Amino acid sequence: MSAISLFNRVLDRLEEILIGTLMAAATLLIFVAVVHRYAAGFAIPGLQDWLLSLNLSWAQELTIFMFVWMAKFGAAYGVRTGIHVGVDVLVNRLSPRRRKPVILFGLLAGALFTGVIAAFGANFVWHLSHTDQTTPDLEWPAWVVYLAIPLGSALMCYRFLQVAWRFNRDGELPHHDPGEVEGLDEPLPIDPRTDNIHPRPVAVQAPTGAEGAR
């Protein structure tokens, strides 16, 4: 395995762990904060005083920060896996010879845009780090929160370049099938006469005659 392949595998894994951890932590934190808010309203001796002594005013702010980081890195994950929504009606009508440069242009334009955002974001974070600005509730340095902009945009730029390079080499784009079920190797046969909203599997008839005897 080459060094680039190993780097990409480690980066993919770290990306997935970060997104999953932030999503789970934000969900758990919001759940705890909501339960705390409502449970503190019950006049239960001892328990109410203890709940009121807990200060969870920072929970909403931290949740917002986690969702911002999750969104920035999730956008890069979307480029890698091909789950971003795209309008490709006109592109698909082009011939394969003309379609390739159009797709490459779109991918490189995305890389340029996210690269510019990463550069401006890094410059903004650099200047912000030399100030005393902090977040309202957690009182964290503000530049730590805004660091998601250059890091997430830089990763997204790398993903655009990665997809463009693979498409130029193999002619394949990452594609996500919303109907795909993990662990199901073979898709169910769908009756072509049905619509996409209410698909009906093809009825499998039991073997008869000589086939059944086998």
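Scoring rules and cut-offs
Residues numbered from 1 in each chain as written. Predicted model: local features only at pLDDT ≥ 70, side-chain atom pairs only at ≥ 80, totals over all residues. Heavy atoms only, no water. Helix = DSSP H or I, 4+ residues; strand = E, 2+ residues; numbered from the N terminus. Buried < 20%, exposed > 50% of the residue type's maximum accessible area, 1.4 Å probe, protein only. Contact = heavy atoms within 4.5 Å. Areas by Shrake-Rupley, 256 points an atom, 1.4 Å probe, with all protein chains shown as cover. Phe/Tyr/Trp six-rings, centres within 6.5 Å; stacked < 30°, edge-to-face > 60°. 1 Å grid on protein atoms, 1.4 Å probe; cavity = no way out; pocket = protein on both sides within 12 Å on 5 of 7 lines; lining within 4 Å. Points joined across faces, edges and corners; volume = space filled by probe spheres on them. Nonpolar A, V, L, I, M, F, W, Y, C, P; charged D, E, K, R; others polar. Core = buried A, V, L, I, M, F, W, Y, C linked by side-chain atoms within 4.5 Å. Axes fitted to C-alpha atoms, helices over the stretch in contact; angles between N-to-C directions. Parallel < 35°, antiparallel > 145°, perpendicular 65-115°, else oblique. Left-handed = near helix turned anticlockwise from the far one by under 90°.

### Observations regarding the overall build of the protein
The number of helices and strands found in the protein is 8 helices and 0 strands. Counting from the amino terminus, helix and strand elements in the protein follow one another as α-α-α-α-α-α-α-α. By residue count, 26% of the 214 residues in the protein fall in the buried class. Sequence-distant contacts, at least 24 apart, represent 70% of the contacts inside the protein between residues at least 6 apart. Accessible surface, the protein as shown: approximately 15800 Å² in total, 65% of it carbon and sulfur.

### A word on the packing of aromatic side chains
On inspection of all chains with the given rule, the structure shows 3 aromatic pairs. Judged by centre distance (6.1 Å) and plane angle (85 degrees), the ring pair of Phe7 and Tyr158 falls under edge-to-face. Taken together, the residues span a long stretch of sequence, with Phe7 in helix α1 (residues 3-39) and Tyr158 in helix α7 (residues 148-170) at a distance of 151 residues. Of the residues examined, Phe7 reaches a relative accessible area of 46% and is grouped as partly exposed. Ring geometry for Phe124 and Tyr146: centres 5.3 Å apart, planes at 75 degrees, overall edge-to-face. With Phe124 in helix α5 (residues 96-128) and Tyr146 in helix α6 (residues 142-146), this pair connects stretches of sequence that are 22 residues apart. Taking the relative accessible area as the measure of exposure, Phe124 reaches 39% and is therefore partly exposed.

### Concerning the side chain of Thr63
Along the polypeptide, Thr63 turns up in helix α3 (residues 59-81). Among all residues touching Thr63, those that are not within four sequence positions of it are Ala26, Leu29 and Ile30.

### Section: the layout of surface pockets
Estimates place the volume of the largest pocket at around 840 Å³. Around the largest pocket, the lining is made up of 25 residues, and of these His84, Gly86, Asp88, Leu173 and Pro174 lie nearest the centre. Elements supplying a minimum of two residues to the lining of the largest pocket: α3, α4 (89-92), α5 and α7. With 4 residues, α5 is the largest single contributor of residues to the lining of the largest pocket. The residue makeup of the lining of the largest pocket, split by class, is 13 nonpolar, 9 polar and 3 charged.

### Section: the nonpolar core
Core analysis: the largest hydrophobic core is formed by 30 residues, its most contacted members being Met66, Leu107, Met156 and Phe160. Of all the secondary-structure elements, those providing two or more residues to this core are α1, α3, α5 and α7. Looking at this core element by element, the count peaks at 10 residues for α3. Not counting residues within four places of it along the chain, the set of residues in contact with Leu107 comprises Phe160, Val163, Ala164, Phe167 and Leu173.

### A look at the packing of α5 against α7
Viewed as axis vectors pointing N to C, α5 and α7 meet at an angle of 160 degrees, and their least axial separation amounts to 7 Å. Judged by the angle between their axes, α5 and α7 are roughly antiparallel. Once α5 is placed against α7, the crossing between them reads as left-handed. The class makeup of the residues in the contact of α5 with α7 is 19 nonpolar, 6 polar and 1 charged.

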